[in-house]
Amino acid sequence: MPTTVAAYAALSATEPLRPHPIELRDVGPLDVRIDIRFAGICHSDIHTVRSEWGPANYPVVPGHEIAGIVTEVGANVTRFAVGDRVGVGCLVDSCGECSSCERGEEQYCLNGSTPTYNGVGRDGRPTQGGYAQSVVVTERFVCRIPDGIGLDVAAPLLCAGITTFSPLQRWGAGPGKRVAVVGLGGLGHMAVKLAHAMGADVTVLSQSLKKREDGLALGASGYYATADPDTFTALARTFDLIINTVSAPVDLDAYLSLLVVDGVLVSVGGPPEPMQVHSGSLSLQRRILTGSIIGGLPQTQEMLDFCAEHGIGADIEVIGIDQVNDAYERVLASDVRYRFVIDTATLT
């Protein structure tokens, strides 16, 4: 019989999140049941529950940065056992048969992957996320969290970590490369840590200098205010790679001017408005403008292992579930350093 667990859900785009029990499906032969210990708050959660990326399927239990302990495994599960430390990110299923899935890039599933929440599973039931006591996920979409990382600081790695690790790895961040990170928030602070650990020379580009001390402590060697027009003159044709992490429109032409020939500007934030770019900003220096989402499951596991090897976790503020609505407002005000994580023991 399905199990009922405590959770927090959005019931509409305009109401605050509130207690709302959900039913978990029975553990199938290839499923893993996880006792959720911590769940990160991502800006995507806010966009989704407020229907800013299209109508949500209410009630919605957000949360795709999940860290916890395995409490039950299906009869055919081979990769996990009860007691294992595990994580679940933004996806809980994909077709498993298309060329993207075969490459281990389930995020680009040609038949459509299944999001951890606000999606529909193969059983026809809505998927619900990590602001809950437990979750049931097929083992293919569960990652092992190495012992060297605390579950609380590991939770944001399942989205913020892989969202920045993937393009850094794809575009060759490493020794001899100059990387700029636009924005020092939940995504940006992870991009700085990861790029520094990869051996790149890292610069933060932020609206002001108020977080300069933080940026340098995280591993940046330079920190510039984009509100100062002299910044774009001083840094023209400097960077091999720019990771744009902000969720608001930016002047793409200005940032493209900071790239060397064959430099790459990757957008990983999700502004709801379209952005424009002049063709000359690309063609005159053979620059690349691209985007990226998360990584597939193999790369996500690689990222977790990399973080454990280099002692990397997210900088977090742990909150109780009753603080989630206030936390949403603080995220929108950029008043967190640098990721909220819900202690799900506070769910009753």
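Residues numbered from 1 in each chain as written. Predicted model: local features only at pLDDT ≥ 70, side-chain atom pairs only at ≥ 80, totals over all residues. Heavy atoms only, no water.

1. So, the side chain of T127
Heads up, the rule is: Secondary structure counts use DSSP, requiring at least four H or I residues in a row for a helix and at least two E residues in a row for a strand, with both numbered from the N terminus. Type-normalised accessible area, obtained with a 1.4 Å probe on protein chains alone, sets the label of each residue: buried when under 20%, exposed when over 50%, and partly exposed for intermediate values. Counted as a polar contact is a pair of N or O atoms within 3.5 Å, where, for protein atoms, one must be capable of donating a hydrogen and the other of accepting one, and residues adjacent in sequence contribute only when both atoms are in side chains. In this analysis, two residues are considered to be in contact whenever any of their non-hydrogen atoms come within 4.5 Å of each other.
Summarising the element assignment, T127 is placed in the loop between β9 (114-115) and β10 (134-138). For T127, a relative accessible area of 12% puts it in the buried group. Engagement of the side chain of T127 in a polar contact is seen with the backbone oxygen of P115, the distance being 3.0 Å. There is a polar contact of 3.4 Å between the side chain of T127 and the backbone oxygen of T116. With residues up to four places along the chain from it excluded, the contact list for T127 reads V92, T114, P115, T116, Y117, N118, G119, V120 and G121.

2. Remarks on unusual backbone geometry
The residue after Y58, namely P59, is reached through a cis peptide bond having omega 0 degrees. Within the fold, P59 resides in the loop between α1 (43-49) and β6 (66-73). Phi is positive for R286, close to 50 degrees, though the residue is something other than glycine.

3. What about the sheet that holds strand β12 (residues 178-182)?
Note the cut-off: Strand pairing is defined by DSSP finding a minimum of two bridges between the two strands. Axis definition: a line fit to C-alpha positions, over the contact stretch in the case of helices; interaxial angles, taken between N-to-C directions, run 0 to 180 degrees.
The sheet built from six strands is open, its strands ordered β14-β13-β12-β15-β16-β17 with parallel pairing. Each edge of the open sheet carries a strand with a single partner, namely β14 (222-225) and β17 (288-291). Sheet twist, expressed as the mean angle between neighbouring strand axes with direction ignored, is 20 degrees. Note: β12 against strand β13 (residues 201-206), five bridges, orientation parallel. Within β13, the position partnered with R178 by the bridge is D201. The strands touched by helix α4 (residues 160-170) within the sheet are β12, β15 (239-244) and β16 (259-267), with β15 carrying the most contacts at an inclination of about 160 degrees.

4. Focus on the packing of aromatic side chains
Ring pairs (aromatic) are described by centroid distance and by the angle formed between their planes. To be explicit about the condition: Pairing of aromatic side chains requires ring centres within 6.5 Å, counting the rings of Phe and Tyr and the six-membered ring of Trp. Pairs whose planes differ by under 30 degrees are stacked, by over 60 edge-to-face, and all others tilted. Charges are assigned to positions over rings by a cutoff of 6 Å between ring centre and Lys NZ or Arg CZ, combined with an angular limit of 35 degrees from the ring normal.
If you walk through the whole model with that rule in mind, you get two aromatic pairs. Between F165 and F306, the ring centres sit 5.7 Å apart and the planes meet at 55 degrees, which makes this aromatic pair tilted. Taken as a pair, F165 in helix α4 and F306 in helix α10 (residues 297-310) lie far apart in primary sequence, 141 residues in all. Since its relative accessible area comes to 2%, F165 is described here as buried. A relative accessible area of 15% means that F306 is categorised as buried. Seen from the ring of W171, R170 lies directly overhead, with NZ or CZ sitting 4.2 Å from the centre.

Take it as geometry only, folks, not as evidence of what the structure does.
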